[in-house]
Amino acid sequence: MSNFLILILSYFFISLSIIGYGIGVQKIFIKKNDEYNFGYLGLFGIFFLIIYSYISNAFIPHSKLHNFIILFFGFLFFITNLLISKKTNFKKQILLFFITSIILFISVLIYKNHDDFSYYHFPYTYLLTQNDLLIGIGNFGHGFRTHSSIFYLNSLFYIPFSSYYLFNFGALLILCYSNLILINKIFTKFAGIKILLDH
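Residues numbered from 1 in each chain as written. Predicted model: local features only at pLDDT ≥ 70, side-chain atom pairs only at ≥ 80, totals over all residues. Heavy atoms only, no water.

## Comments concerning the layout of surface pockets
For the largest pocket, the calculated volume is near 280 Å³. Together, 12 residues line the largest pocket, and Leu9, Ser10, Phe13, Phe68 and Ile159 are the ones closest to its centre. Breaking the lining of the largest pocket down by element, the ones donating at least two residues are helix H1 (3–29) and helix H3 (64–84). Counting residues per element, the lining of the largest pocket draws most heavily on H1, which supplies six residues. Counted by class, the lining of the largest pocket contains 11 nonpolar, one polar and no charged residues. (1 Å grid on protein atoms, 1.4 Å probe; cavity = no way out; pocket = protein on both sides within 12 Å on 5 of 7 lines; lining within 4 Å. Points joined across faces, edges and corners; volume = space filled by probe spheres on them. Helix = DSSP H or I, 4+ residues; strand = E, 2+ residues; numbered from the N terminus. Nonpolar A, V, L, I, M, F, W, Y, C, P; charged D, E, K, R; others polar.)

## Quick word on the confidence of the model for the chain
Atom-level detail of predicted coordinates should not be read off regions where pLDDT is low. Residue-level pLDDT values for the chain average 81, and 80% of them are 70 or greater. Across the chain, the element-wise mean pLDDT spans from 70 in helix H5 (residues 117–130) up to 92 in helix H2 (residues 38–56). The model gives residues 194–199 a pLDDT under 50, and that stretch makes zero contacts with residues more than four places away or in other chains. (pLDDT = per-residue confidence, 0-100. Contact = heavy atoms within 4.5 Å.)

## Considerations on the packing of aromatic side chains
What the rule picks out here adds up to 16 aromatic pairs. Centre to centre, the rings of Tyr21 and Phe48 are 5.1 Å apart; their planes meet at 25 degrees, and the pair counts as stacked. Remark: Phe48 occurs in helix H2 and Tyr21 occurs in helix H1; sequence separation between them is 27 residues. Look at Tyr21 and you get buried, because its relative accessible area is 16%. (Phe/Tyr/Trp six-rings, centres within 6.5 Å; stacked < 30°, edge-to-face > 60°. Buried < 20%, exposed > 50% of the residue type's maximum accessible area, 1.4 Å probe, protein only.)

Pasting the structure below:
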């Protein structure tokens, strides 16, 4: 299988899995909601996975098998909701998601990583995949003295076939879901203007 195909399949697998967890968070905490907004669902899912990764890494490393199982459950939850959903706008949200995701996926191919990525972003994230309960790593260098939730989120993207090549997906997915919120607000605003003009 080509590297490009692995990259794009992993991208959609991870992003839909995060939305799946977001659906779960919405069902538990925001029960009265008649419509989906994949932007908010994605951010809910990211928030849930960051909390999960902080807690779980105290006990187990975020290995390929562990991460695949976690992401598979989110993906399964998304597919289940896709098949049984009675939400009126589910298909519209899927279409918006895929259009936005494909446009932003091009940025994965052309953009440059953060300047500190090789200095401590990558090593810190990689350490989370190999070890549990990292204490005292601030002695390795200045960059290790402050941790970031994005490192913990990115450590969950260490999955079979793509290995550590997805460690920079966290920021891209946050951008994707934020753009979906904005696009939904624009469409809602234009729909409201159209209704007013029709009357």
